[in-house]
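Examination of the molecular architecture
Okay, here's what each chain looks like letter by letter:
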Amino acid sequence: MLAIRVDDPILADRLTAVLTDVPGLRLARVNEVGDVAVVSSQRGEHADDREAALTPREIQVLKLLAEGASNKTIARRLGISVHTVKFHVASLLDKFEAIGRTDAVAHALRLGVIEL
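Calculation rules
Residues numbered from 1 in each chain as written. Predicted model: local features only at pLDDT ≥ 70, side-chain atom pairs only at ≥ 80, totals over all residues. Heavy atoms only, no water. Helix = DSSP H or I, 4+ residues; strand = E, 2+ residues; numbered from the N terminus. Buried < 20%, exposed > 50% of the residue type's maximum accessible area, 1.4 Å probe, protein only. Areas by Shrake-Rupley, 256 points an atom, 1.4 Å probe, with all protein chains shown as cover. Salt bridge = Lys/Arg side-chain N within 4 Å of Asp/Glu carboxyl O. Core = buried A, V, L, I, M, F, W, Y, C linked by side-chain atoms within 4.5 Å. Contact = heavy atoms within 4.5 Å. Polar contact = N/O pair within 3.5 Å; in protein donor to acceptor, adjacent residues only side chain to side chain. pLDDT = per-residue confidence, 0-100.

A few words on the overall build of the protein. Scanning the protein from N- to C-terminus turns up 6 helices and 2 strands. Its helices and strands in sequence order give the protein the pattern β-α-β-α-α-α-α-α, from N to C terminus. When each of the 116 residues of the protein is scored for burial, the buried share is 31%. Carbon and sulfur atoms make up 53% of the accessible area of the protein, which totals about 7600 Å².

Attention now moves to the pattern of salt bridges. All chains considered together, the criterion is met by 2 salt bridges. A salt bridge links Glu58 to Lys95; its shortest N-O distance comes to 2.8 Å. Of this pair, Glu58 sits in helix 3 (residues 56-66) while Lys95 sits in helix 5 (residues 82-96); the two residues are 37 residues apart in sequence, bridging distant segments of the chain. The class of Glu58 is buried, set by a relative accessible area of 3%. On the basis of relative accessible area, Lys95 is assigned to the partly exposed category, the value being 39%. The closest approach of N and O atoms between Glu67 and Arg77, which form a salt bridge, is 3.1 Å.

Let us look at the nonpolar core. Leu62, Leu65, Ile74, Phe96 and Ile114 are the most contacted members of the largest nonpolar core, which has 24 residues in total. Aside from chain neighbours lying at most four places away, what touches Phe96 is Leu54, Leu62, Ala104, His107, Ala108 and Leu111.

With that settled, the discussion passes to the environment of Ser70. Position of Ser70 among the secondary structure elements: in the loop between helix 3 and helix 4 (71-78). Expressed as a C-alpha distance, the spacing of Ser70 and Val82, which sit 12 residues apart in the sequence, is 9.5 Å. Of the polar contacts made by the side chain of Ser70, one reaches the side chain of Thr73; its length is 3.0 Å.

All right, on to the environment of Leu93 then. Looking at where Leu93 falls in the secondary structure, it is placed in helix 5. Spatially, the C-alpha atom of Leu93 lies 9.8 Å from that of His107, the residues being 14 residues apart in sequence.

Counting all residues, the mean pLDDT for the protein is 80, and 75% of those residues have values of 70 or more. Taking the mean pLDDT of every element in the protein, the minimum, 47, falls on helix 2 (residues 47-52) and the maximum, 96, on helix 4.

Here it is as structure tokens:
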């Protein structure tokens, strides 16, 4: 069970929408204690260092992943091939040591690399 405390109601709604479909994950209700807690904070001091580890294209792909875009949609919006999108997604999964697209977005949000 995952408990998320986010002060921004719009961000809270977006995170809930992204995380609701994660298999095996149950979001805690308001004031319910979770096994894992994600708490809002200000953007980290070293966020620029983390962003530097990502290419500008990876950051673009990551932002579109956060919107829930498919590989095909990302390819169209960035004017690149689906194969290239898959390459960037694989690179992001590797860099964040993520188990999937949603996990990569969650890591990026937690680290302050992107904002919703």
